[in-house]
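Next come the chains, spelled out residue by residue.
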Amino acid sequence: MKRSHFFAHMARMKLIQRWPLMRSIEQENVAEHSLQVAMVAHALAVIRNTNFNGTLDPAQAAMQALFHDASEVLTGDLPTPVKYFNEDIARAYKDIERNAEQSLLRMLPPELQATYAPLLCGHAQDDYSRLVKSADILCAYLKCEEEISAGNREFAQAKQRLTDMLEARMNDEIRYFLEVFVPSFSLSLDEISSPEF
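Cut-offs used in this document
- The written sequence of each chain sets the order in which its residues are numbered from 1.
- In view of the model being predicted, local features appear only for residues whose pLDDT reaches at least 70, and side-chain atom pairs are presented and counted only at 80 or more, with totals across whole chains, interfaces and linings using the full set of residues.
- Excluding hydrogens and water, the side-chain figures rest on all heavy atoms present in the structure.
- Here a strand is any run of E in DSSP of at least two residues, a helix any run of H or I of at least four, and the numbering for each starts at the N terminus.
- To get the radius of gyration, use the C-alpha atoms; to get the globule rule, take the number of residues to the power 0.38 and multiply by 2.2 Å.
- Summary of the burial criterion: residues with accessible area below 20% of their type's maximum are buried, those above 50% are exposed, and those between are partly exposed, where the area comes from a 1.4 Å probe applied to protein chains only.
- By definition in these notes, contact holds between two residues if any of their heavy atoms fall within 4.5 Å.
- For the area figures, the Shrake-Rupley method with a 1.4 Å probe applies, and any residue is considered shielded solely by the protein chains shown.
- Think of it this way: Lys and Arg go in the positive column, Asp and Glu in the negative one, and His and the chain ends go nowhere.
- Where a charge lies is defined by one atom per residue type: Lys uses NZ, Arg uses CZ, Asp uses CG and Glu uses CD.
- One less than the residue count of a helix, multiplied by 1.5 Å, gives the span that helix is expected to have.
- Pairs of N or O atoms are called polar contacts if they sit within 3.5 Å, as long as, within protein, a hydrogen donor faces a hydrogen acceptor (for residues adjacent in sequence, only side-chain-to-side-chain pairs).
- By convention a nonpolar core is built from buried Ala, Val, Leu, Ile, Met, Phe, Trp, Tyr and Cys residues, the set being connected through side-chain atoms within 4.5 Å.

So what about the overall build of the protein? Which residues, and what values?
A tally of regular secondary structure across the protein gives 11 helices and 0 strands. Whereas a compact globule of 197 residues would reach a radius of gyration of roughly 16 Å, the protein reaches 18 Å, a difference of no more than 12%. Along the first, second and third principal axes, the C-alpha atoms of the protein reach 55 × 40 × 35 Å. Every one of the 197 residues in the protein was classed for burial, and the buried ones make up 39%. Across the protein, the fraction of contacts at a sequence separation of at least 24, relative to all contacts at a separation of at least 6, is 70%. Accessible surface, the protein: about 11,700 Å² in total, of which carbon and sulfur atoms supply 55%. Distance from the positive charge centre (20 side chains) to the negative charge centre (28 side chains) of the protein: 7 Å.

Could you give an account of unusual backbone geometry, with specific residues and numbers?
One non-glycine residue, W19, lies in the positive phi region at around 55°. Phi is positive for N53, close to 60°, though the residue is something other than glycine. Summarising the element assignment, N53 is placed in the loop between α2 (30-51) and α3 (58-66). Accessibility expressed as a relative area gives 74% for N53, which makes it exposed.

An account of the side chain of S24 is requested, with residue identities and associated values reported.
Note that S24 resides in the loop between α1 (6-10) and α2. Note on S24: relative accessible area 17%, which makes it buried.

Can you tell me about α2, naming the residues and giving the values?
Counted at 1.5 Å a residue, the expected span for α2 with its 22 residues is 32 Å, and the 31 Å between its end C-alpha atoms agrees. Every buried residue of α2 is listed here: V30, H33, S34, Q36, V37, A38, V40, A41, L44, A45, I47 and R48. Among the structural elements, α3, α4 (72-75), α8 (127-149) and α10 (172-180) are those in contact with the buried residues of α2. Regarding α2, its N-cap is N29, as a side-chain oxygen of that residue lies 3.0 Å from the backbone nitrogen of A31 further along.

Please give an account of the nonpolar core that cites residues and values.
Nonpolar side chains in soluble globular proteins generally cluster together in the buried interior. Core analysis: the largest hydrophobic core is formed by 30 residues, its most contacted members being W19, V40, A41, L44, L131, L162 and F177. For L44, the contacting residues outside a window of four places in its chain are L131, S134, A135, L138, E173, I174 and F177. Counting residues in each nonpolar core, the second largest holds 15 residues, with V73, L108, Y116 and L119 among its members.

Provide a residue-level description of the side chain of E72, including the pertinent values.
Locating E72 in the fold gives a position in helix α4. You can call E72 buried: its relative accessible area is 2%. When neighbours within four sequence positions are excluded, E72 is seen to be in contact with I16, V30 and D77.

Here is the structure:
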């Protein structure tokens, strides 16, 4: 049986640092970020289904989120100011990401590729991809919140940019998450140790 390097590459998500141009109090890697995005995407789907008559599968949302930055094991995490410096760079980087996704997919045994293709190469603008993108933005916003709460003003402009992005895509489940869960991210351990509910 032929060997596959796919999961050896996935294990390297922990080596890809996020926010590489920012001074961070707490470093964050792509594996940590992907786990948090998966948890938040799952929560957004549950919130939509429970409170706003949604019909999404929270497990599918979480799985898509787990793999949403998988291509970065081949490309690295290009900082946002570089990635979106101009339209040519943004377009070129999208092409690089798609090539990396296809490379990862080809690492899998052929019989597994159809299952992983939507996770690695899922660019359809459907409810799941929009929800995962919202979770991704929320998690970046939470990182800014944590850094600023720890006294790091380096993240103030990024937080404002992410606030604007959240406002632009605001919906019931994002608003719920912002109101119910986000305030705790600026509190100390002692403050979050007593349950609210």
